[in-house]
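Results of the structural survey
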Amino acid sequence: MIAVKLGGAVITHKEHERQFRTRVTRRLARELTAADGPLAIVHGAGSFGHPQAMQYQLHRGWVPGIDQREGIAVTHAVVRDLNLRVMRELRAAGIACTAVPPFPVLNEGYLHHLREVLDLGLTPVTFGDVLIDGQPSIVSGDYLMQLLASRLPVQRVIFVTNVDGIYARPYDPATLIGECTPAELERALVGDSTASDVTAGMAGKVKSIKEMVYSGAEVAVINGNKPGRLRSALCGTVTGTRVVQP
Ligand code: IPE
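Source: prediction; values computed, not measured.

When helices and strands are tallied, the protein chain shows 9 helices and 10 strands. Computed over the C-alpha atoms, the radius of gyration of the protein chain is 17 Å, within 12% of the 18 Å expected from 2.2 N^0.38 for a compact globule of 246 residues. Taken over the C-alpha atoms alone, the protein chain extends approximately 50 × 40 × 35 Å along its principal axes. Out of the 246 residues in the protein chain, the part that is buried amounts to 53%. Here the analysis covers contacts within the protein chain between residues at least 6 apart in sequence; of these, 73% occur between residues at least 24 apart. Total accessible area on the protein chain stands at roughly 10900 Å², and carbon and sulfur atoms take up 51% of it. Positive and negative side-chain charges in the protein chain, numbering 26 and 23 respectively, have mean positions lying 5 Å apart.

Here it is as structure tokens:
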């Protein structure tokens with residue numbers, strides 16, 4: 001199975017709250033049809049979730065003096081709104097998919113639902129969300145990718161981002177890493193992405209990627225703004241960064 005994460009910075013305008021990038025998502029949905037085996041899709045929140053989670057400090061558990069109950073309601077509502085928009089594009093491209101939200105609690109039931117959807121031959125679509133397991137928290141799509149890779153038969157993982165891959169020096173495309181092992185990735189200097197990100201941006205992604213390669217998957221990080229890159233990565237030709245077993 002191939003697990004694909006559509007990054008929030010690709011499917012939304014990260015600097016403009018609640019602006020969906022319809023055309024880009026539509027094209028990526030069409031490219032996803034190139035997969036010739038089972039797929040699991042994860043998407044990030046971008047500006048449908050990060051600003052709201054930050055405003056209500058949902059990544060920090062219960063914080064006194066903030067109406068976090070309202071924050072939980074608002075944040076979950078906007079990520080669901082984004083998910084419906086993504087699902088619409090996927091279905092329009094001909095992908096038979098159903099949503100599997102991690103909300104309210106990330107447990108075995110969630111994994112069971114993912115497996116059931118896959119067993120029916122459908123593509124599950126899950127996403128970064130707010131959780132309410134005793135206290136508020138945020139689960140990133142990157143963490144969900146890590147969970148999928150460790151608990152489901154995932155052979156390949158593709159991160160669709162808004163950069164060409166992983167850069168050794170932050171924001172310096174000249175330092176793009178083509179292929180590396182998790183140890184080499186660890187040694188590479190990787191900076192963080194932009195503001196209003198409650199789930200650690202690129203640094204968090206690198207941590208998840210290392211775990212996934214240790215779980216046995218091969219990981220690709222590609223630029224979803226460049227037409228055709230997702231399609232060719234699905235077919236085995238990665239233009240971007242590949243993280244492979246040592
Ligand atoms: C974040 O998910 C979820 C919320 C803030 C509710 P991600 O961390 O996977 O989102 P992106 O891809 O960075 O936007």
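So, next bit.
Counting across every chain of the model gives 1 cavity of 30 Å³ or more. As a volume, the largest cavity reaches approximately 50 Å³. Going through the elements one at a time, strand S7 (156–161) and strand S9 (218–223) are the ones with two or more residues in the lining of the largest cavity. Here the residues of the lining of the largest cavity are counted per class, giving 6 nonpolar, 1 polar and 3 charged.

What follows concerns the side chain of Thr75. Along the chain, Thr75 falls in helix H4 (residues 68–92). Since its relative accessible area comes to 2%, Thr75 is described here as buried. Leave out the neighbours within four places in its chain, and Thr75 touches Gly49, Gln52, Ala53, Leu58 and Val130.

Once that is clear, we can look at the nonpolar core. If you look at the biggest cluster of nonpolar residues, it comprises 34 residues, and the most contacted ones within it are Tyr110, Leu148, Val157, Phe159, Ile209, Met212 and Val219. For this core, the secondary-structure elements that each account for two or more residues are strand S2 (39–43), helix H5 (108–119), helix H6 (141–151), S7, helix H8 (201–214) and S9. Here Met212 is in contact with Met145, Gln146, Ala149, Val157, Phe159, Ala217 and Val219, once residues within four sequence places are set aside. If you look at the next biggest cluster of nonpolar residues, it comprises 29 residues, including Phe20, Ile41, Val125 and Ala220.

In this section: the pattern of salt bridges. According to the stated counting rule, one finds 12 salt bridges in the structure shown. For the salt bridge of Lys5 with Asp142, the shortest nitrogen-to-oxygen distance reads 2.9 Å. Placement of Lys5 in strand S1 (residues 2–6) and of Asp142 in helix H6 is noted, with a sequence separation of 137 residues between them. Like Asp142, Lys5 is buried. For the salt bridge of Arg242 with Glu179, the shortest nitrogen-to-oxygen distance reads 2.8 Å. One end of the pair, Arg242, is in strand S10 (residues 240–243); the other, Glu179, is in strand S8 (residues 179–180), with 63 residues separating them in the sequence.

What counts and what doesn't
Residues numbered from 1 in each chain as written. Predicted model: local features only at pLDDT ≥ 70, side-chain atom pairs only at ≥ 80, totals over all residues. Heavy atoms only, no water. Helix = DSSP H or I, 4+ residues; strand = E, 2+ residues; numbered from the N terminus. Rg over C-alpha atoms; globule rule 2.2 N^0.38 Å. Buried < 20%, exposed > 50% of the residue type's maximum accessible area, 1.4 Å probe, protein only. Contact = heavy atoms within 4.5 Å. Areas by Shrake-Rupley, 256 points an atom, 1.4 Å probe, with all protein chains shown as cover. Lys, Arg positive; Asp, Glu negative; His and termini not counted. Charge placed at Lys NZ, Arg CZ, Asp CG, Glu CD. 1 Å grid on protein atoms, 1.4 Å probe; cavity = no way out; pocket = protein on both sides within 12 Å on 5 of 7 lines; lining within 4 Å. Points joined across faces, edges and corners; volume = space filled by probe spheres on them. Nonpolar A, V, L, I, M, F, W, Y, C, P; charged D, E, K, R; others polar. Core = buried A, V, L, I, M, F, W, Y, C linked by side-chain atoms within 4.5 Å. Salt bridge = Lys/Arg side-chain N within 4 Å of Asp/Glu carboxyl O.

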